[in-house]
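# Overview (structure and organization)
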Amino acid sequence: MNKKELEKYLLDFDLNNIDSFEHLLKDTLATNNKFNLTAIKDEEKFRELMILDSLYPLHLLDFNDKKVIDVGTGGGYPGLPLALASKGEFTLLDSTKKKIDHINEYVKESHINNVVGVCDRAEEFAKKNIEKYDIAIARAVSSLNILVEIILPLLKIGGFFIAMKGLKGKEEIEEAKKALKELGGEVVEIDEFELPESKEVRINILIKKIKTSPKKYPRVYKQIIDKPL
């Protein structure tokens, strides 16, 4: 996908700031030469698989004026593209310090005022930030039953979690039924689509928090992994 093609798809989201996304692309790939931010190093693939793919949640929710957390953001995806596309207040969370340091340096140098990177383990951060966010999002991080336990406690009642998944997304919903019931979540929409050039299938799962999560969650990470709900 070249720059003009990405620009065309941005118009589908009512976006016209192609230069902001191109700057993000160049910075991420340049930093990738110093330490690993993404396995995708080709510019044309990056536009589709990292930039455009990160924007599809805009079909599901309005991020404007919302407190948003991107859990397991890695090099800043999908959080940075979504922040460039909206006026939401974004927290980008990851446990790798050099990735968060890079994100904070990038947003400072680029004068992006609606993003802060935080280095912490997700389950520990969740314990300290119960019901603080309107929207949570996670892209290619963990299985859904594990993510539900970590992420739903972060959300306000009536808030939403978007789990960005691949082909096995629907299977993961079945596996996460117990966790969803226990943590107070309900699947309200499943957005399945193909990326336009690679034809890779994506499944974005929209989960609404309908009741308060029990205070004992999230558990310590070893318990979450050893005995998933």
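Just so it is clear, the model here is predicted, and its values are computed rather than measured.

## Comments concerning the environment of Val107
Note on placement: Val107 falls in helix H5 (residues 97-109). The spatial distance from the C-alpha of Val107 to the C-alpha of Leu80 is 8.9 Å, given a sequence separation of 27 residues.

## Describing the side chain of Ser213
Looking at the secondary structure, you find Ser213 in the loop between strand E7 (201-209) and helix H10 (221-226). A relative accessible area of 8% means that Ser213 is categorised as buried. Among all residues touching Ser213, those that are not within four sequence positions of it are Leu152, Pro153 and Leu183.

## Digging into unusual backbone geometry
Here the residue pair Tyr77 and Pro78 is connected by a cis peptide bond, since its omega of 10 degrees sits within 30 degrees of zero. Tracing the backbone through its elements, the reader meets Pro78 in the loop between strand E1 (67-71) and helix H4 (79-84). With omega at -5 degrees, the peptide bond leading from Tyr217 into Pro218 counts as cis. Although it is not a glycine, Asp65 sits at a positive phi angle of roughly 60 degrees. On the basis of relative accessibility, which here comes to 69%, the residue Asp65 falls in the exposed class. Positive phi outside glycine occurs at Glu131, with the angle close to 55 degrees. Judged by relative accessible area, Glu131 falls into the partly exposed class, the value being 27%.

Criteria and cut-off values
- Residues numbered from 1 in each chain as written.
- Predicted model: local features only at pLDDT ≥ 70, side-chain atom pairs only at ≥ 80, totals over all residues.
- Heavy atoms only, no water.
- Helix = DSSP H or I, 4+ residues; strand = E, 2+ residues; numbered from the N terminus.
- Buried < 20%, exposed > 50% of the residue type's maximum accessible area, 1.4 Å probe, protein only.
- Contact = heavy atoms within 4.5 Å.

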